[in-house]
Amino acid sequence: MSRVFSLPAAPPAIAIAHFAARLSFETDVSDVHADLESGADLAVVDSRDERAWNQGHLPGALHLPTADIAGHASALVPAGRRVVTYCWGPGCNGATRAALEFAKLGFAVKEMIGGYEYWVREGLPVLTPEGLRRRPADDLTAPNAAEACGC
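Just so it is clear, the model here is predicted, and its values are computed rather than measured. (Residues numbered from 1 in each chain as written. Predicted model: local features only at pLDDT ≥ 70, side-chain atom pairs only at ≥ 80, totals over all residues. Heavy atoms only, no water.)

Any chance you could explain the overall build of the chain here in plain terms?
Each helix and strand counted, the chain has 6 helices and 7 strands in total. Overall, the chain shows an N-to-C arrangement of helices and strands of α-β-α-β-α-β-α-β-α-β-α-β-β. Summarising its shape, the C-alpha atoms of the chain cover approximately 55 × 40 × 30 Å along the three principal directions. Within the span of the chain, comprising 151 residues, buried residues form 37% of the whole. Sequence-distant contacts in the chain: of pairs separated by 6 or more residues, those separated by 24 or more amount to 62%. Here the chain displays about 9,200 Å² of accessible surface, and carbon together with sulfur accounts for 58% of that area. If the 13 positive side-chain charges of the chain are averaged to one point and the 18 negative ones to another, these points end up 4 Å apart. (Helix = DSSP H or I, 4+ residues; strand = E, 2+ residues; numbered from the N terminus. Buried < 20%, exposed > 50% of the residue type's maximum accessible area, 1.4 Å probe, protein only. Contact = heavy atoms within 4.5 Å. Areas by Shrake-Rupley, 256 points an atom, 1.4 Å probe, with all protein chains shown as cover. Lys, Arg positive; Asp, Glu negative; His and termini not counted. Charge placed at Lys NZ, Arg CZ, Asp CG, Glu CD.)

In structure tokens, the structure reads:
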């Protein structure tokens, strides 16, 4: 007996709806990196506090802690611009809360799953007070010497 399929998989039509819905709410670090590299028109928003921002953040990201989104988003993010939010990592739902605030303001928004943690673990560049830095990719999150897994 299969533990995986002890509860049957959803019928394909239901699975399509489920997975398509998830992808309409979430994106991952490699897709955000690819969009930033290609110059795609999106605002990447770091919803962490000042200490976390100063520890390092995505190059080109806007710093807008969740509590400040309602009052300051319109001054920083043009109406109609697509938004991607991120926070620390998969153990934190700060990016989810930030995405909710942007959605309340009428923005098309997605949450970057994995957050800052997986951005760093995949060896992507971060901006710190000392300048642009990059750590080697963690073998558990990305292929060696690659910025994307090819999925």
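Mind showing me how you'd approach the nonpolar core here?
Within soluble globular proteins, side chains that are nonpolar generally end up buried alongside one another. Of all hydrophobic cores here, the largest spans 15 residues; its most connected members are Val-44, Leu-58, Tyr-86, Met-112 and Trp-119. For this core, the secondary-structure elements that each account for two or more residues are α2 (29-38), β2 (42-46), β4 (82-86) and α6 (115-121). Here this core gets 3 residues from one element, more than from any other, and that element is α6. Not counting chain neighbours up to four residues away, the residues in contact with Val-44 comprise Val-32, Leu-36, Leu-58, Ala-61, Leu-62, Val-84 and Tyr-86. (Core = buried A, V, L, I, M, F, W, Y, C linked by side-chain atoms within 4.5 Å.)

What should I look at first to understand the environment of Leu-105 in this one?
Position of Leu-105 relative to the elements: it lies in the loop between α5 (94-104) and β5 (109-113). With relative accessibility at 39%, the residue Leu-105 sits in the partly exposed group. Ignoring anything within four residues of it in the chain, the contact list for Leu-105 reads Ile-69, Ala-70 and Ala-73.

Could you clarify how one ought to interpret α2 in this entry?
Side chains that are three or four residues apart share a direction in an α-helix, a result of its 3.6 residues per turn. Of the residues making up α2, those classed as buried are Val-29, Ser-30, Val-32 and His-33. For α2, the arc enclosing every buried residue in end-on projection is 160°, short of the 170-degree limit, so these residues lie on one face. Looking at the buried side of α2, the elements it contacts are β1 (26-28), β2, β4, β5 and α6. Of the residues flanking the end of α2, it is Gly-39, one or two places downstream, whose phi is positive at about 80°. (Arc of directions from axis to C-beta.)

Explanation requested: the pattern of salt bridges in the structure shown.
It is possible for side chains bearing opposite charge to pair when their charged atoms get close. Per the counting criterion, the structure on display carries 8 salt bridges. A salt bridge links Arg-81 to Asp-41, with the nearest nitrogen and oxygen atoms 2.8 Å apart. One end of the pair, Arg-81, is in the loop between α4 (66-76) and β4; the other, Asp-41, is in the loop between α2 and β2, with 40 residues separating them in the sequence. Judged by its relative accessible area of 48%, Asp-41 is partly exposed. The salt bridge partner of Lys-104 is Glu-101, with a shortest N-O separation of 3.2 Å. On the criterion of helical spacing, the pair formed by Lys-104 and Glu-101 is a turn pair, its members being 3 residues apart in helix α5. It is possible to trace a salt-bridge network through shared partners that takes in Glu-117, Arg-121 and Asp-138. (Salt bridge = Lys/Arg side-chain N within 4 Å of Asp/Glu carboxyl O.)

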